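Residue-level listing of the chains:
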Amino acid sequence: MSRILLLEDHERLARLISEGLASAGIMVDTFNHISHAETALQRMPYQALVIDRGVPDGDGLSLLRSLREAGNSIPCLVLTARTALNDRVEGLDAGAEDYLAKPFAMEEMVARVRALLRRPAEVRSLEPQCGDLTLRPEDSLIVCGGKSETLAQAELQIMLLLMEKCNGSVRHSALEAAGWGFSDAVTPNALDVALHRIRRKLSAIGSTQRIVNIRGIGYALQDSGPTE
């Protein structure tokens, strides 16, 4: 399942967009400040951005410009109540792939986001690999050799982050956010339960990759060596 970041300070509109995209199978993390969105982007591998220009701490385009200057090519749709030609041009010049003026039909919003998700984003495999593992997000499958296991939604998002950081550590909070979003309430042991299930599935397909607990830091996906 795809996951996008929404920068929108209008609470009702943000909720409607989130619900509309969720019904289309697209997860949404919503933020109403640029600074909060910047922090989330450092912790989460989003597939696309939807950015409102007018937010409390500035113009959403400033976030997009900083991403482009850093070499981040994640696709972006800009929302705005500004309809003048120069405003649209400014958004596209800042690095946006698409532009949608308010008010808009939710069906069009969903269609445009789907189009963004079909574009090549950051230099990142559509089927990430780590050691003998391949993740197939579109099918929610983790694959090793000729064997595969189906991952639940939270498990899939957790594995996407672990495999992107292959052999590198990921903080507990980042994995929780990956699995359940920044705004969802998470029970204290939800991550432990999800990791336990993933470990069982890795073992079932004969992978040598293991989710290792790095004390005081978080978790990492590492090769444990040949299995007997």
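It should be noted that the structure appears before, not after, this text.
What counts and what doesn't
- Residues numbered from 1 in each chain as written.
- Predicted model: local features only at pLDDT ≥ 70, side-chain atom pairs only at ≥ 80, totals over all residues.
- Heavy atoms only, no water.
- Helix = DSSP H or I, 4+ residues; strand = E, 2+ residues; numbered from the N terminus.
- Polar contact = N/O pair within 3.5 Å; in protein donor to acceptor, adjacent residues only side chain to side chain.
- Axes fitted to C-alpha atoms, helices over the stretch in contact; angles between N-to-C directions.
- Parallel < 35°, antiparallel > 145°, perpendicular 65-115°, else oblique.
- Left-handed = near helix turned anticlockwise from the far one by under 90°.
- Contact = heavy atoms within 4.5 Å.
- Nonpolar A, V, L, I, M, F, W, Y, C, P; charged D, E, K, R; others polar.
- Disulfide = S-S within 2.5 Å.
- Buried < 20%, exposed > 50% of the residue type's maximum accessible area, 1.4 Å probe, protein only.
- Pairing = 2+ DSSP bridges.

(A) Examining the side chain of Glu8 more closely. Within the secondary structure layout, Glu8 lies in the loop between strand E1 (2-7) and helix H1 (11-23). A distance of 2.8 Å separates a polar atom in the side chain of Glu8 from the backbone nitrogen of His10. Of note is the side chain of Glu8, whose polar atom sits 3.3 Å from the side chain of Lys102.

(B) Examining the packing of helix H6 (residues 153-164) against helix H7 (residues 172-180) more closely. The geometry of H6 relative to H7 is characterised by a closest axis approach of 7 Å and an angle of 135 degrees between their N-to-C directions. By the angle between their axes, H6 is oblique relative to H7. When the axes of H6 and H7 are compared, the crossing they make is right-handed. Between H6 and H7, the residues in contact are Ala154, Gln157, Ile158, Leu161 and Leu162 and Ala174, Leu175, Ala178, Gly179 and Trp180, respectively. By residue class, the composition of the contact of H6 with H7 is 8 nonpolar, 2 polar and no charged.

(C) Layout of the state of the cysteines. Under the counting rule described, the total for this entry stands at 1 disulfide. With a sulfur-sulfur separation of 2.0 Å, Cys130 is cross-linked through a disulfide to Cys166. With the S-S dihedral at roughly 75 degrees, the linkage between Cys130 and Cys166 falls on the right-handed side. Of this pair, Cys130 sits in strand E8 (residues 129-130) while Cys166 sits in the loop between H6 and strand E12 (169-171), placing them 36 residues apart in sequence. Distance from the sulfur of Cys144, which forms no disulfide, to the nearest cysteine sulfur (Cys130) is 11 Å. On the accessibility criterion, Cys144 (11% relative accessible area) is buried.

(D) Expanded view of the sheet that holds E12. On the basis of which strands lie adjacent, the open sheet formed by 3 strands has the order E12-E14-E13 and antiparallel pairing. Each edge of the open sheet is held by one strand with a lone partner, namely E12 and strand E13 (209-214). Within this sheet the neighbouring strands show an average axis-to-axis angle of 30 degrees, counted without direction. Strand direction decides the pairing type here: E12 and strand E14 (residues 218-223), joined by 3 bridges, are antiparallel. Note that in E14 the partner of Ser169 across the bridge is Ala220. Its contacts with the sheet put H6 on E12, E13 and E14, and the angle it makes with E14 is roughly 65 degrees.

Note that all results are geometric; they support no functional claim without further evidence.
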